[in-house]
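Coordinate inspection notes
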Amino acid sequence: MMKAPTLASLRAFADLHGLPWSDADLQAALPSVARALEMLASLEAVPLDEDAEPTTHFRIV
Amino acid sequence: MRELVWTPVTDLARMIATKEVSPVEVVRAYLDRIERLDGTLHAFITVCADGALEAARAAETALAAGQPLGALHGVPIGLKDLVDTLGVRTTAGSRILADRVPAKDATVTARLTGAGAIVLGKLNMHEFAYGPEGLNEHYGQTRNPWDAAVARVPGGSSSGSGAAVAAALVPAALGSDTGGSIRIPASLCGITGLKPTYGRVSRAGVLPLSWSMDHVGPMARSAADCALLLGAMAGYDPADPTTSVLPVPDYTAALGRDVKGLRVGVLRGMFADGLAPELRDALAAAVHELQRLGAIVDEVTLAHTANVQAAAFAIVGSEALAYHAASMRTRPQDYQRDVRERLFTGAFVSGAHYLRAQQIRALVRAEVDEALARRDVLLAPTTPIGATPLGERGTRVDGAAVDVRAALLSLTRPFNLSGHPACSVPCGVTRDGFPLGMQIVGRPFDEITVLRVADAWQRATDWHTRRPLEETA
């Protein structure tokens, strides 16, 4: 279970990734990040046959 | 002159070829209209007036000399401003690429101009194609031409393409579609937009949002016009390794045929939930009309589409960030806020998330293939809502709160993941008179059948012939 993002956690994340964002920008991004993390959690929760081959080279024909 | 700009591409091409109208006259008519209306609509980022007139004069000379003519000889078009044009700046609607002038044409530009089309200009878009509303802070906000009183979203990301075609600033345009960016503005602006099969049209020279999800396709006022454009630009391109070697059929052969005996699967489940009531009625009427025309209709549900939004976010989020990583580190303030935040969220997608999303993608594709194994096309709404006021992030449908951005993307994204061709056609209007669209989805590389159904629908109905409110006043 992922923790809800905070300004401090986004600050650390942005610094680690070399993203020179202001605190105001990070604060404004909190709702978007929370929604993104929810989507990624839902992705992890999808019951998948782990033998399912991912579409890594996408060409229909 | 006013009616000339509303002439279908198919008729314009014929009228030019038979010298009923001159390419110069046609180009001037559109340039006059752009001059008159684009100060309000902001559909264009760059208008190529001099280049277009020069090309029109050359087209006229070629006609007079009896030279062989391409299928689009003398027909003006607009290009979304992420399609490269030799010597004409191509910005992707961004400040970051504001001064970018390509040294060569995109393959689609070269093919369309090779068929005789004349580029009128470069069309506005959601910055870097990363948004379904069509928002742009840098080049003026494109407005939905159907808006009479309140500024409404045109839909995106191909917002300028949708608005320009709907307002007859161009007879046809190119868009790109990563999560619905051709079909969403087509739906909200009341025009026709075709996302071809992944691999049918080259992406070489088209600035990417997400390499594995991007599709390039035509936007026009009818399926017949889209068929003509698709034929001129489709086909294998060594510069795009994902293009198919399958031969390009004559898409105009799809036109004028009936749909008797064709099997149409109406998508249920998430495609039928949370729709504006007027859209539910419009779809029911469409099903009835297709049955009256002889189609055999049943219903079908796609179970894996419930996971599409999360999978699409993981794929597009990480691919888009990969492209923008350097600029996000050095010029974050040069992105508009919503796009900057969206790119930032891509940094939370791990490699495992990405591959899990690609597993879901394989399942979605197999499921759509299976649904189409026993049917010729699938039918679904394009967007669950019509155009909302600019700046409105939420709306209500049947009393329920709805996030506008999520709603706009919800029904189109499945076919970006699966790669199947899908064409949005107008099918009704909201209570306030704003357009609504439905999409016709076909088997891979079977654009012929998709266009056949869309064309039959448009010959039986008049939704696609309606004009924005100021035109009918």
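Anyway, here's the lowdown on the structure attached to this text.

Definitions and cut-offs
Residues numbered from 1 in each chain as written. Chains lettered and ligands numbered in written order. Predicted model: local features only at pLDDT ≥ 70, side-chain atom pairs only at ≥ 80, totals over all residues. Heavy atoms only, no water. Helix = DSSP H or I, 4+ residues; strand = E, 2+ residues; numbered from the N terminus. Polar contact = N/O pair within 3.5 Å; in protein donor to acceptor, adjacent residues only side chain to side chain. Contact = heavy atoms within 4.5 Å. Salt bridge = Lys/Arg side-chain N within 4 Å of Asp/Glu carboxyl O. Buried < 20%, exposed > 50% of the residue type's maximum accessible area, 1.4 Å probe, protein only. Axes fitted to C-alpha atoms, helices over the stretch in contact; angles between N-to-C directions. Parallel < 35°, antiparallel > 145°, perpendicular 65-115°, else oblique. Nonpolar A, V, L, I, M, F, W, Y, C, P; charged D, E, K, R; others polar.

Structural notes on the side chain of Gln 141 of chain B
Residues and elements named next belong to chain B. Mapped onto the elements of the fold, Gln 141 is located in the loop between strand 3 (118-123) and helix 5 (159-166). A polar contact is formed between the side chain of Gln 141 and the backbone nitrogen of Asn 136, at a distance of 3.0 Å. Apart from residues no more than four positions distant in its own chain, Gln 141 is found in contact with Leu 41, His 42, Gly 134, Leu 135, Asn 136, Pro 154 and Leu 390.

Focus on the pattern of salt bridges
Residue and element names in this part refer to chain B. Under the counting rule described, the total for this entry stands at 25 salt bridges over all chains. For the salt bridge of Lys 122 with Asp 81, the shortest nitrogen-to-oxygen distance reads 3.1 Å. Of this pair, Lys 122 sits in strand 3 while Asp 81 sits in the loop between strand 2 (76-80) and helix 4 (107-114), placing them 41 residues apart in sequence. For Lys 122, a relative accessible area of 0% puts it in the buried group. Owing to a relative accessible area of 0%, Asp 81 belongs among the buried residues under this scheme. Two residues, Asp 334 and Arg 95, come together in a salt bridge whose shortest N-O distance is 3.7 Å. Separated by 239 residues along the polypeptide, Asp 334 in the loop between helix 9 (308-330) and helix 10 (337-345) and Arg 95 in the loop between strand 2 and helix 4 bring together distant segments of the chain. Judged by its relative accessible area of 43%, Arg 95 is partly exposed.

A few points about the packing of helix 1 (residues 9-17) of chain B against helix 7 (residues 223-233) of chain B
Residue and element names in this part refer to chain B. Look at helix 1 against helix 7: their axes get within 8 Å of each other, and the N-to-C directions meet at 60°. Between helix 1 and helix 7, the angle falls in the class oblique. Contacts from Val 9, Thr 10 and Ala 13 in helix 1 reach Ala 224, Asp 225, Leu 228 and Leu 229 in helix 7. When grouped by side-chain class, the residues that make up the contact of helix 1 with helix 7 number 5 nonpolar, 1 polar and 1 charged.

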